[in-house]
Amino acid sequence: MPDGSERLITAPFVDRDEYLAGMEWKREVHAAYETTLIETYSFERQEGCLLTALAEKLALHVTLKPRPAGTIFDRVVELKQVDAFSQLLGTFLRKFKGGGYNVADCETKSERLKLGNCAKAFLAVFAPVFTEYQKRLGGRIDFEDMILRAAHYAETGRYVSPFRHILVDEFQDISQSRARLVKALKVQHPDARVFAVGDDWQSIFRFAGSDIHLMRHFGHEFGGSFNGETGVHRTVDLGRTFRSIDQIAFAARSFVLKNPAQISKQIVPAGKATEPAIRIVMTPKNEEKKKLGEVLASMSARIDPANTASVLLLGRYRFLEPDMIDLKRRFPRLHISFKTIHASKGLEADHVILLSADSGRMGFPSEIVDDSLLALVSPEEELFENAEERRVMYVAMTRARHTLTILASNSRPSSFVAELNKDPQYGIATGGGGGQTAHECGECGGRLLDVRGQDGRIWYRCEHVEHCGNLLPACSSCGVGLPRHPDGSAEAKCNCAATYPSCPECRDGWLIERFGRYGAFLSCVRYPACTGKAKISTNMTGVGATKSKR
C-alpha cells in the first residue's frame, strides 16, 4: 500500500474473507501442535523468486541436500516432464559423443541410409545444441570425454604407453570409442599384443554403443602382421561351462546359433540332467500370478527339507517384477530374487523362471522400434532378424544351473517360445500345471485355445479371434479334449478314444447327429459357419454323438 503496509488480496473468483480465515486456522493448528508451517505467496511465483524464497525459508529448519546434477535430467524424464523430441536429442547426444561421431559423418550416413530431409533438419537442430552443450561443459568433462580424451592423448603421443600386453575383459561389449583407445595403445609398440576375453553370444548392449562387429572381425581390427600377412591372430575356444547342465547348455547353444553370424563354439556342460530341465508353462489371461505361484510351489515341494534353493526371476523389463515380499513370505525355502535380463549378466541360480515370454510391443523379443535417426549414431544393424534379442534370450537361459521355466501367454506367446516348442531338439517339457496341447486352426493356421463358456462348457477358439471365427466344442464324450483328424483320417478322434465322422467340407469339424424336418441327419459341429452334412448310415454312427434340433 502507499503507506508501506501490506494488504493481502485474492483472485476475483476466491472469497477473500473465507480464504483468510482458512489461513488463520492453519496457523493456529500448527502452533497448537508445535509443527513447522512454511508460507509462500503467489507474487513470489509471478516475480520469479518462488524457489529462492522457499529455499531461504526452508534453510531455517532443514539441511538442504540438493539432488546431484547428473541425476536431475533422468528424474525429470521419470516424471514425464520432457517431450519426446528433447529425449531424442539427449539420447542422440550421448550416442554421438560415445561413438566419437561428428556431424559430417552423420550427414554422410544419412544419405547412405536414405533418411532424407528428416535427418537434415534434425542435424541442423542438433549441431548448435551440441556446440552449446560443449560450451557449457567448460573445463569439465563428461563420461564419454574420459574415453575420447584418453584415446586422443594416446594417438598424439601426449600419453606414452609402457604396456606391451593389453587385456580387455567383456570384449563383446566394446564400443568404437573404446576400440579406438585400445588401438592407440597397441600402435605405440610394434610388439604390443591384445588379449581379449569375451563371448559374442552375450553381446546385448548395442543400445549403449557396443559393436559386435568389432569382435567378429577381431583380426582385421586388432590383429598383428607377420611375414607379409596382416590380421594375424589366434582364437581359443573356452567352451566349458561351470554353471548349466547339458540340456540347458546345449539348447541355449542351438538357439543362439540359429544366427549364422554368431561365432560357433563347442560346449562342455557342467553336468547331466536326470529329468527335463527346460519347461514351458502357458498362462491363461490374468493368471500370470497364479501360475508363477504354482511353479514356485512345485519347486519348493521338490527340495529336501534340510536344504534351500536359489530362484532367479527374470523379466525383459523392470515393470515385470512381481510382489517379491509376498513371494518370499510364501516360499521361505526358496531364495527368490528378480532381475532384468540385462542386469542378470554374470549371475546364476539353481532355478530360473523367465516371466512373460509374450509377443507384442513390450514383449520378448521386444518390438519397440527406435527412432530411425538414432541409426546415425549406432553400430550397424545386423541382418538376422531379432539378432540381439536372441542373444538376450541366450543370456536368460544360461543363468540357470538345473532348471529353466518359461512362462508365456496362452493367447500370444513369444515367437521364441513357439520356436522352442516346435523343434524337438530343444527337449522342451510343456505342462506341469499350466501347459496344453497346441492345436492348429484349420481355417487360418493359428492356434486353437481352450476357453470356458458362460455355461461352463469348454470350447476351442482360434487365437486370431478378431479375424478368424473358427470355434469348436470340446468332445461331447469327455467334455475336455478336442477331436482331431490324424493323417487325413475319415474319422476325428479324441484323446479319450471317442471317434466322430469327419466333416466333408472343413478341416477341423466333425459330424454329429441332429434332427430336422425330414428326420435325423449328420451335420458339422461348426454349423452355421460350416454347412457340411451327410446322411446317417450304420457305419457312420460316432461314439458320443450328440443330438440337437435346428
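This section reports on the structure supplied with the text.

Parameters at a glance
Residues numbered from 1 in each chain as written. Predicted model: local features only at pLDDT ≥ 70, side-chain atom pairs only at ≥ 80, totals over all residues. Heavy atoms only, no water. Core = buried A, V, L, I, M, F, W, Y, C linked by side-chain atoms within 4.5 Å. Buried < 20%, exposed > 50% of the residue type's maximum accessible area, 1.4 Å probe, protein only. Helix = DSSP H or I, 4+ residues; strand = E, 2+ residues; numbered from the N terminus. Contact = heavy atoms within 4.5 Å. Salt bridge = Lys/Arg side-chain N within 4 Å of Asp/Glu carboxyl O. Pairing = 2+ DSSP bridges. Right-handed = clockwise from strand over helix to strand, strands pointing away. Expected span 1.5 Å × (residues − 1). Disulfide = S-S within 2.5 Å. Polar contact = N/O pair within 3.5 Å; in protein donor to acceptor, adjacent residues only side chain to side chain.

**Quick look at the nonpolar core**
Okay, step 1: Ranked by size, the top nonpolar core spans 38 residues in total, and within it Ile-341, Leu-354, Met-393, Met-397, Leu-404, Ile-406 and Leu-420 carry the most contacts.
Okay, step 2: Those elements that place two or more of their residues in this core are α12 (246-256), β5 (278-283), β6 (309-315), β8 (349-354), α15 (387-397), β9 (400-409) and α16 (415-422).
Okay, step 3: Leaving out residues up to four positions away in the same chain, Leu-404 has contacts with Ile-248, Ala-277, Ile-278, Arg-279, Val-352, Ala-396 and Met-397.

**Considering the pattern of salt bridges**
Okay, step 1: In the structure shown here, the tally under the stated rule is 34 salt bridges.
Okay, step 2: The salt bridge partner of Asp-326 is Arg-329, with a shortest N-O separation of 2.5 Å. Of this pair, Asp-326 and Arg-329 are both found in helix α14 (residues 324-330), three residues apart, which corresponds to roughly one turn of the helix.
Okay, step 3: Note on Asp-326: relative accessible area 15%, which makes it buried.
Okay, step 4: Here Arg-391 ties to Glu-388 by a salt bridge, and the two come within 3.7 Å at their closest N and O atoms. With Arg-391 and Glu-388 both in helix α15, this residue pair falls three residues apart, about one helical turn. The burial state of Arg-391 is the same as that of Glu-388; both residues are buried.
Okay, step 5: Linked through salt bridges whose partners overlap, the residues forming this network are Arg-216, Glu-382, Glu-388 and Arg-391.

**Describing the pairing of strand β1 (residues 165-168)**
If a strand is regular, its side chains alternate between the two faces of the sheet.
Okay, step 1: Of the two faces of β1, the one lined by Ile-166 and Val-168 is fully buried and the one lined by His-165 and Leu-167 carries no buried residue.
Okay, step 2: Two elements, β1 and strand β2 (residues 193-196), share four bridges in a ladder whose sense is parallel. Pairing of Ile-166 across the sheet is with Val-194, part of β2.
Okay, step 3: Each parallel crossover has a hand, and for β1 linked through helix α9 (residues 176-187) to β2 it is right-handed.

**Focus on helix α13 (residues 288-302)**
Okay, step 1: Look at α13: 22 Å from first C-alpha to last across 15 residues, which is about the 21 Å you get at 1.5 Å a residue.
Okay, step 2: Buried within α13 are the following residues: Lys-291, Leu-292, Gly-293, Val-295, Leu-296, Met-299 and Ser-300.
Okay, step 3: In this structure, the buried side of α13 is in contact with β5, β6, α14, β7 (334-340), β8 and β9.

**Some details on the pairing of β7**
Okay, step 1: The side-chain alternation of β7 yields one buried face, formed by Leu-334, Ile-336, Phe-338 and Thr-340, and one unburied face, formed by His-335, Ser-337 and Lys-339.
Okay, step 2: Here β6 runs beside β7; their pairing, made up of seven bridges, is parallel. Paired with Val-311 across the strands is Ile-336, a residue of β7.
Okay, step 3: Between β6 and its parallel partner β7, the chain crosses via α14, and the hand of that crossover is right-handed.

**Quick notes on the state of the cysteines**
Okay, step 1: Considering all chains together, one arrives at zero disulfides under this definition.
Okay, step 2: Residue Cys-118 stays outside any disulfide, its sulfur separated by 13 Å from that of Cys-106, the closest cysteine.
Okay, step 3: Judged by its relative accessible area of 48%, Cys-118 falls in the partly exposed class.

**A short note on the side chain of His-485**
Okay, step 1: In this structure, His-485 sits in the loop between β14 (471-473) and β15 (491-493).
Okay, step 2: Among the polar contacts listed, one links the side chain of His-485 to the side chain of Ser-502, at a separation of 3.4 Å.
Okay, step 3: At 3.2 Å, the side chain of His-485 forms a polar contact with the backbone oxygen of Arg-507.
Okay, step 4: Not counting residues within four places of it along the chain, the set of residues in contact with His-485 comprises Glu-491, Ala-492, Ser-502, Arg-507, Asp-508 and Gly-509.

**Some details on the environment of Tyr-33**
Okay, step 1: Along the chain, Tyr-33 falls in helix α1 (residues 16-33).
Okay, step 2: For Tyr-33, a relative accessible area of 66% translates into the label exposed.

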